[in-house]
Amino acid sequence: MRNRHKFTFIICCAIADMIAMILGTIVFLNFANEEKIGWNALFLDKMIPITILSWLFSVTYFQLYRIDVLFSLEYFFRNSWRAFFTQRILWHSYIFIFQDNVLYFFGSRANLFQLSFLLFYFLLSRILFTLVIGEIKGWVFKQYTVAIWGFNKTSIELASHLETNSFFIQFLGILNENSTADYKSNEEFSEALSEAIHNASRDHINELYIVSKPDFISDLNYFFELGDKYCMRLKFVPDFSSISKKHFNSSHLNNFHVIKPRFEPLQNAYNRLIKRIFDIIFSLMVIIFIMSWLYPLLAILIKRQSKGPVLFRQMRTGKKNEPFWCYKFRSMYMNSGDESQQARKGDSRVTPIGKFLRRTSLDEMPQFFNVLMGNMSIVGPRPHMIKHTTDYNCHINNFMVRHFVKPGITGLAQVSGLRGETKRVVDMKRRVTTDIQYLQRWSLITDIKICLLTVIVTLKGDKNAF
């Protein structure tokens, strides 16, 4: 019953959105026919199919109608607008290719009325969807009852999750929340759990989560069979709160349950392929359209101000803690001291042109060649010198986690104001924490966003760039 209501609601949302997108295109076509612009006939004939295909691509990419997205209002609202604006970008890209008078189009009545209609629909529909989701539980004739047995930190977090997402279930809470029992043996625990399952069936509970320490559970098959006898679904959740303060990530490897310290999207080969394709395309565009003229220009300026090579290379720590040669435009005088010493504000080793290069981050441009060679990525944790990696690894426990992915030309830490010299270990800890956040939350959209923020930060100027 609850699944039928779920999928009915999802189908209704999907159909309503698709109808609205098509109606928006019809509104556009009606006004386009009235305007004396001389629209391209091929352009007009293909508008509805292009609308359908671009919308399907957008909602599929952002997984808008997936159950866990649709019934989490925060994700639903965010992905709705992401899908909407992505569809608009794709739709306008089609116009840019096939329509001659592009500038007039953006100010045309057809475009303005269509955009107004779609914006009004999305604002109104999302408000209505929110109201429906809030009331949908009351429409279910026979509700599916869920409860938790076991009072500990893990069960409290699970209860919070179930309460937040209880659109189609009746969550009864933690059954033994007020119990003061402290089980001293497996036999005592098994007796208490057997009684709890019996009492839960008497209260017509359909699904019972059992949260306990793994060492208390001696025979899972016995309890599963007991649950089956009472026509009740049992789900065991191991409580690791007593042995670790961190949140684990779990997965399955055939029949093996694997527990990992964190979720890493780039462990997925498909995600790595997407990131690599983005790196190659982006770096080729930069090398062809920017480095082709910028390299000789900067080479002349660097050579005129100081003797030495145009490029400076230094051994840095890469993915899997493997060293690689990292390239930069030389910004310091040759033989100007210890290379492992970080640049400081007003550093006398920096040449006049070097100050400009470092302040604008242009000294990092040759690293696009590192990206093509596969040593680096466009976005990722910044690579450190070998000595700094060794030093910080002794003071920061999870420092080497940032080397699970390729180092980047820019990164989340750099656009978050954490670039430049690290005078204290606490400064590096903040940078490492941010790098690990990137590793755990990677997506192609995140990479594109960081690239845009890098441009903005560079144009505005970063006080830590020197």
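Please refer to the structure higher up on the page.
**Structural notes on the environment of M18**
Right, so step 1: By the element assignment, M18 lies in helix 1 (residues 2–34).
Right, so step 2: As for M18 and L56, which are separated by 38 residues in sequence, their C-alpha atoms are 8.6 Å apart.
Right, so step 3: The residues contacting M18, other than those within four sequence positions of it, are I52, W55 and L56.

**Details of a negative patch on the surface**
Right, so step 1: Where like charges cluster on the molecular surface, the negative patch consists of D182, E187, E188 and E191.
Right, so step 2: Tracing the backbone shows D182 in the loop between strand 2 (169–174) and helix 9 (186–202).
Right, so step 3: D182 gets classed as exposed once you look at its relative accessible area, which sits at 58%.

**Description of the pattern of salt bridges**
Right, so step 1: Inspection of every chain in the model, using the stated rule, returns eight salt bridges.
Right, so step 2: A salt bridge links K328 to D363, with the nearest nitrogen and oxygen atoms 3.5 Å apart. With K328 in strand 8 (residues 323–329) and D363 in the loop between helix 12 (352–360) and helix 13 (367–373), the pair connects residues that are 35 residues apart, well separated along the chain.
Right, so step 3: With relative accessibility at 11%, the residue K328 sits in the buried group.

**Quick word on the packing of helix 11 (residues 269–305) against helix 17 (residues 444–460)**
Right, so step 1: In the contact formed by helix 11 and helix 17, the axes pass within 10 Å of each other and the chain directions differ by 30°. In this view, helix 11 runs roughly parallel relative to helix 17, as classed from their interaxial angle. Both helix 11 and helix 17 take part in a crossing whose hand is right-handed. Facing helix 11, whose interface residues are I274, K275, F278 and F282, helix 17 presents L444, D447, I448 and C451.
Right, so step 2: Of the residues contributing to the contact of helix 11 with helix 17, the split by class is six nonpolar, no polar and two charged.

**Some remarks on the sheet that holds strand 4 (residues 233–238)**
Right, so step 1: On the basis of which strands lie adjacent, the open sheet formed by four strands has the order 2-1-3-4 and parallel pairing. Two strands in the sheet have a free side with no partner beyond their single neighbour: strand 2 and strand 4. Pairs of neighbouring strands in the sheet enclose a mean axial angle of 20°, with direction left out of account.

About the criteria used
- Residues numbered from 1 in each chain as written.
- Predicted model: local features only at pLDDT ≥ 70, side-chain atom pairs only at ≥ 80, totals over all residues.
- Heavy atoms only, no water.
- Helix = DSSP H or I, 4+ residues; strand = E, 2+ residues; numbered from the N terminus.
- Contact = heavy atoms within 4.5 Å.
- Patch = residues over 30% accessible without salt bridge, like charges linked within 9 Å, V, L, I, M, F, W, Y side chains within 5 Å.
- Areas by Shrake-Rupley, 256 points an atom, 1.4 Å probe, with all protein chains shown as cover.
- Salt bridge = Lys/Arg side-chain N within 4 Å of Asp/Glu carboxyl O.
- Lys, Arg positive; Asp, Glu negative; His and termini not counted.
- Charge placed at Lys NZ, Arg CZ, Asp CG, Glu CD.
- Buried < 20%, exposed > 50% of the residue type's maximum accessible area, 1.4 Å probe, protein only.
- Axes fitted to C-alpha atoms, helices over the stretch in contact; angles between N-to-C directions.
- Parallel < 35°, antiparallel > 145°, perpendicular 65-115°, else oblique.
- Left-handed = near helix turned anticlockwise from the far one by under 90°.
- Nonpolar A, V, L, I, M, F, W, Y, C, P; charged D, E, K, R; others polar.
- Pairing = 2+ DSSP bridges.

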